[in-house]
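Commentary on secondary and tertiary structure
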Amino acid sequence: MLKILHVVRRYGPVGGMERYVWEVTHELAALGHRVEIVCERCYAACPPNITVHELGEIAPRPRWLSLLRFGWRVARWLRENPRTDFLIHSHERLDVHQVTTFHGPPFATVRDRPWWRKLSLRVAMQFYLERRELLAAQYIVPNSQFIKRQLAHYYPEFASKLTAPIVPGVAAMRPRDWCRAPADGGIIGFVGKEWQRKGLPLAMDIVGRLRHKRPNLELWVIGPHQHEIQHLFSSWQGGYRLLGWRSDADHLQQIDMLLHPARAEPYGMVIGEAMAARVPVVVSDVCGAAAQITPDAGAIVPLDAPCNQWVDEVEKQLCRSDAPPQFVRGWDDVAHEYETIYHKISGHNLK
């Protein structure tokens, strides 16, 4: 049995990274390991085999100061509550861990911006916190091949610490009852609360062009509140539904394909969920989940491709005559991959 302390600011299924931590820790506990959590706040009820230590919420802005203060609180808590026989796995900007998981692109991408964008206390502190996190870790786990490439590029001095990516799991999904989209219509799904980063304007352009050929085609938008994006559709005469935030995945039983033309997407768990439900996908090449998309599951389109290329690929998926294969990756698989990393750390052995 391993003793593992996970550190995350928000513990619960309240976001992509948070869902990852929530699911992995539950699976590790189910495997018989002793799992404890240090967080600002826990957002859901936990089973008795997971112990949660809440440190209290910290003002979220400025972000760098919030991260720094959280790190101080964790360090103080560890001094007051020693866990010398625990392996510490962080998902935050700490310096007390053996393992850290990167769930998003490194802040160091700011190096590619003009010099005047880098002259601020905020940038300096974010650089400091990120480098400190990488320096402290024995193993750095990227959550996608895309993130691994970025980390190796911006921090070559830490490349030897990088592990193979451990991509998110997917909850078991009921496969969509397959039927071909009507020749004059169909339903295209777009999912993402951060609708600008995830490419809603481009998705609208693509669907708008397709509606000339498929007048009954609809775009369903899941994630953003209706009032946030209603103005974008002011010139549309029907052909869309704004469904807001949904905690269920019922829409995957109704849409004919998922369109995810994100401008930046470390992974994209909605892509895995769609593939698990056997829904075809068309995504940009900057999505981390693109590495899991096989040719018979959908299409990957360069982000800078002309819109007509996107239109062609979406049309191909709407015209397909058979369902894509089901994507299967359980969260227990993710937990087992972490066990392998934990086992490598001196002084900890699986029994």
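Calculation notes
- Residues numbered from 1 in each chain as written.
- Predicted model: local features only at pLDDT ≥ 70, side-chain atom pairs only at ≥ 80, totals over all residues.
- Heavy atoms only, no water.
- Core = buried A, V, L, I, M, F, W, Y, C linked by side-chain atoms within 4.5 Å.
- Buried < 20%, exposed > 50% of the residue type's maximum accessible area, 1.4 Å probe, protein only.
- Helix = DSSP H or I, 4+ residues; strand = E, 2+ residues; numbered from the N terminus.
- Contact = heavy atoms within 4.5 Å.
- Expected span 1.5 Å × (residues − 1).
- Salt bridge = Lys/Arg side-chain N within 4 Å of Asp/Glu carboxyl O.

In this structure, Tyr11, Ile271, Val281, Tyr338 and Tyr342 are the most contacted members of the largest nonpolar core, which totals 53 residues. Secondary structure elements with two or more residues in this core: α1 (16-30), β3 (34-39), β9 (185-191), β10 (216-222), α7 (269-276), β13 (281-284) and α9 (331-344). What Val281 contacts, discounting residues up to four positions off in sequence, is Leu258, Ile271, Ala274, Met275, Ile293, Ala297, Gly298 and Ala299. Ranked by size, the runner-up nonpolar core spans 28 residues in total, among them Phe190, Met204, Ala299 and Val314.

Another point: the environment of Val170. Inspection of the secondary structure assignment puts Val170 in the loop between α4 (145-154) and β9. Expressed as a C-alpha distance, the spacing of Val170 and Gly330, which sit 160 residues apart in the sequence, is 5.7 Å. Excluding its chain neighbours within four sequence positions, the residues that come into contact with Val170 are Gly272, Glu273, Ala276, Phe327, Arg329, Gly330 and Trp331.

The terminal C-alpha atoms of helix α8 (residues 307-319), which comprises 13 residues, lie 18 Å apart, in line with the 18 Å expected from a rise of 1.5 Å per residue. The set of residues buried in α8 consists of Cys307, Trp310, Val311, Glu313, Val314, Glu315, Gln317 and Leu318.

A full pass over the atoms with the stated rule returns 23 salt bridges. Here Asp85 makes a salt bridge to Lys3, at a shortest N to O gap of 2.8 Å. Of this pair, Asp85 sits in the loop between α2 (63-80) and β6 (87-90) while Lys3 sits in strand β1 (residues 3-7), placing them 82 residues apart in sequence. Accessibility expressed as a relative area gives 39% for Asp85, which makes it partly exposed. Residue classification places Lys3 among the partly exposed positions, given a relative accessible area of 25%. Within the structure, one salt-bridge network assembled from shared partners comprises Glu194, Arg197, Lys198 and Glu265.

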